[in-house]
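# Architecture at a glance
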Amino acid sequence: MACHPPRRRSGHVDRLTARDSFSHETVFADLRLAAMKREREPSSKAYRQDRFENTERAAKETIEAEQRARREKTKRLKELRLSQQGAKDPATK
């Protein structure tokens, strides 16, 4: 069976298709209008400054937490290594 509809005579347009069709320009115009009516984010200088400071604070806290975790891990590994060396070398006790 063919996947395509049967061919029509040149210039023939199905009336139902012609009546129910719409142009892409109309759809895009509707989308643009909806976007224009949408409530926008405040753009005041104070708001932007506050957002910037919050982002800076979050970044600083993240960096500090990563550094703390790295120091704790290094400390644990050092303690583990010392305890393993102590178990191997009883003369040092």
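Keep in mind it's a predicted model, so treat the numbers as computed, not measured.

### Here we look at the overall build of the protein
Summing up its helical and strand segments, the protein has three helices and zero strands in all. When its helices and strands are written in sequence order, the protein yields α-α-α. Relative to its 93 residues, the protein shows a buried fraction of 1%. Just so you have it, the protein exposes about 9,800 Å², and 55% of that area is on carbon and sulfur atoms.

### Digging into a nonpolar patch on the surface
Residues Val27, Phe28 and Leu31 make up a contiguous nonpolar surface patch of about 270 Å² in total accessible area. Within the fold, Val27 resides in helix α2 (residues 24–37). Accessibility expressed as a relative area gives 30% for Val27, which makes it partly exposed.

### Things to note about the confidence of the model for the protein
With 68% of its residues at a pLDDT of at least 70, the protein reaches an overall mean of 78. Mean pLDDT values over the elements of the protein span from 51, in helix α1 (residues 15–20), up to 94, in helix α3 (residues 45–88).

The rules we used
- Residues numbered from 1 in each chain as written.
- Predicted model: local features only at pLDDT ≥ 70, side-chain atom pairs only at ≥ 80, totals over all residues.
- Heavy atoms only, no water.
- Helix = DSSP H or I, 4+ residues; strand = E, 2+ residues; numbered from the N terminus.
- Buried < 20%, exposed > 50% of the residue type's maximum accessible area, 1.4 Å probe, protein only.
- Areas by Shrake-Rupley, 256 points an atom, 1.4 Å probe, with all protein chains shown as cover.
- Patch = residues over 30% accessible without salt bridge, like charges linked within 9 Å, V, L, I, M, F, W, Y side chains within 5 Å.
- Salt bridge = Lys/Arg side-chain N within 4 Å of Asp/Glu carboxyl O.
- pLDDT = per-residue confidence, 0-100.

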